[in-house]
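# What the coordinates show
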Amino acid sequence: MGSVTCNPLAPPSTHLLLNPSKIPKFCHSRRQLHGSQRASKIIAYYGLKTPPYKLDALEPYMSKRTLEVHWGELHRGYVEGLNKHLAKDDVLYGYTLDELVKVSYNSGNPLPVFNNAVQVWNHDFFWESMQPGGGDIPKYGVLEQIEKDFGSFTNFKEKFIGAALTLFGSGYVWLVLKREERRLAVVKTSNAINPLVWNDIPIISLDMWEHAYYLDYKNDKGTYANVFMNHLVSWNAAMSRMARAEAFVNLGEPKIPIA
Amino acid sequence: MSKDTLEYHWGKHHRAYVENLNKQIVGTELDGMSLEDVIIVSYNKGNMLPPFNNAAQAWNHEFFWESMKPGGGGKPSGELLELIERDFGSFDRFLEEFKSAAATQFGSGWAWLAYKANRLNVDNAVNPFPSEKDKKLVVVKSPNAVNPLVWDYSPLLTIDVWEHAYFLDFENRRPNYISVFMDKLVSWEVVSKRLEIAKARATKREMEEERRKKEEEEENSEDEAVEVYVDGDESESE
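Rules used in this analysis
Residues numbered from 1 in each chain as written. Chains lettered and ligands numbered in written order. Predicted model: local features only at pLDDT ≥ 70, side-chain atom pairs only at ≥ 80, totals over all residues. Heavy atoms only, no water. UniProt positions renumbered as here; feature names shortened; annotations may be inferred. Contact = heavy atoms within 4.5 Å. Buried area = accessible area lost by both parts, 1.4 Å probe. Salt bridge = Lys/Arg side-chain N within 4 Å of Asp/Glu carboxyl O. Axes fitted to C-alpha atoms, helices over the stretch in contact; angles between N-to-C directions. Helix = DSSP H or I, 4+ residues; strand = E, 2+ residues; numbered from the N terminus. Left-handed = near helix turned anticlockwise from the far one by under 90°. Nonpolar A, V, L, I, M, F, W, Y, C, P; charged D, E, K, R; others polar. Buried < 20%, exposed > 50% of the residue type's maximum accessible area, 1.4 Å probe, protein only. Polar contact = N/O pair within 3.5 Å; in protein donor to acceptor, adjacent residues only side chain to side chain.

As recorded by an unreviewed UniProt entry, chain B carries the name Superoxide dismutase and is attributed to Citrus sinensis. Listed in UniProt under the heading Sequence similarities (unreviewed entry), the comment for chain B reads: "Belongs to the iron/manganese superoxide dismutase family." Taken directly from UniProt, the Cofactor (unreviewed entry) text for chain B runs: "Fe cation".

As recorded by an unreviewed UniProt entry, chain A carries the name Superoxide dismutase and is attributed to Citrus sinensis. Per UniProt, the comment on chain A under Sequence similarities (unreviewed entry) is "Belongs to the iron/manganese superoxide dismutase family."

## With respect to the interface of chain A and chain B
The parts lose accessible area when they come together, and the size of an interface is often stated as this lost area. Every contact between the two is made by 19 residues of chain A and, on the other side, 19 residues of chain B. With both chains or domains summed, chain A and chain B bury close to 1,900 Å², and 60% of this area falls on carbon and sulfur atoms. Taken together, the links from chain A to chain B amount to 1 salt bridge. Between Glu171 of chain B and Arg65 of chain A there is a salt bridge, with the nearest N and O atoms lying 2.5 Å from each other.

## Digging into the packing of helix α6 (residues 153-166) of chain A against helix α8 (residues 221-232) of chain A
Residue and element names in this part refer to chain A. Contact geometry of α6 with α8 gives a least axis separation of 9 Å together with a crossing angle of 145°. In this structure, α6 crosses over α8, and the sense of that crossing is right-handed. Mapping the contact onto sequence places Phe156, Lys157, Phe160, Ile161, Ala164 and Leu165 in α6 and Lys221, Gly222, Ala225, Asn226, Phe228, Met229 and Asn230 in α8. Tallied by class, the residues present in the contact of α6 with α8 amount to 8 nonpolar, 3 polar and 2 charged.

## Brief notes about the UniProt feature "binding site: Mn(2+)" (unreviewed entry) in chain A
Residue and element names in this part refer to chain A. The positions that UniProt labels "binding site: Mn(2+)" (unreviewed entry) are, in the present scheme, His70, His123, Asp207 and His211. A compact arrangement is adopted by the annotated residues: their sequence extent is 142 residues, whereas the largest C-alpha distance between any two is 12.2 Å. Within the element layout of this structure, His70 appears in helix α2 (residues 64-88). Relative accessible area serves as the criterion here: at 0%, His70 is assigned to the buried category. With residues up to four places along the chain from it excluded, the contact list for His70 reads His75, His123, Phe126, Trp127, Asp207, His211 and Ala212. Tracing the backbone shows Asp207 in strand β3 (residues 201-207). In contact with Asp207, other than residues within four places in its own chain, are His70, His123, Phe126, Gly171, Tyr172, Ala212 and Tyr224. In this structure the side chain of Asp207 is engaged in a polar contact, spanning 3.0 Å, whose partner is the side chain of His70.

Quick look at the structure:
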């Protein structure tokens, strides 16, 4: 998701102080020089990651105005909220965003930072789950796995859109790789919950909070979900995520040696 | 609140809840019950049955439209204002608390001003304000379709903070929407009227409780002669 661990135990790095432009965009260490006796305070901050396309690139399926509000104001708001929490609480230092999400979920009793952290993660993931000229169908490994786990791509698409239509309130619909069961599944979650907290691996997500579609589709969730599937979803992103997931989940047949 | 918003919010969202609810309950035991009863029964102690969402949302939206009026806003008066000042310190403090509840409801939901009467065990659900604050006004917020009826509170005022309620007019600026609602739309007359009804209901309940208690006591005193004490003198009985 493009976040870099800021290790608070890293030795002082003078090049960071002399060359502020070299600081990675999404992780920025700031040290307060209070003299050698005092322990220096290192604070990790997150930056607002831009989507991998211009804000009007998804027209006419998702308007520039929606991106301006959804990314420019809501997503930005979550990042700022997250940074405010991090500035207050040194227990949270040093986590990657993935880890922060899992830790702050706290097995269902979320810490205050959870909502902001997970919404930053969710939105980074959502923008990258789409691309201009998206849609169509996946290829190679992803298609094979979908056909294996859902019977057919059409069946998967129906399930996905069905989940979007039956989700009540705010939430997300996910194509997720389940670690234990070693198969793909469609999952819908409420509010900001994310399959990472169950240790599963998200492959694609669709934001079903009303702010994601209301300006373009008003209450017509069906059209929005269909347009997402037909014109926006990035199977390229799904492919790279699957490839990475296969490093953690063995999807192949077990290799039984021939005696 | 623009005409566009009302056309969608009432004409599509609210209408859909009503139509879907009717489809869901036709021919079942819920058919023919009052809407409030459908809500309480289908809440099912938090394990919601399918009609709950539609029923509660139908009720919530009706309540919401009636909580507003053109040229609304301003301050309440009379008994409502007195109670607000008693239970929140001042009208401004109440306003702060209400606005904050509405702004911090994460995801979809509602913020409420409700009248809470004497009940700790609300049977159906977990009471968010047990004991202390009895027969008082409270500000509560609820997620998705939940409303204070399930905690046996009497709702007096609500604001819809589902995004569909404000996105066309305010985009993501929920706090602005809340301020405008309180300054220009709230109908304090309706809220006062609801307070009257809520208090009457609470009083009636109290009287029934007392009557029931008296009946129980009378039954007990009849039974005394029959009770057997394991030890101690019979003359030491209550």
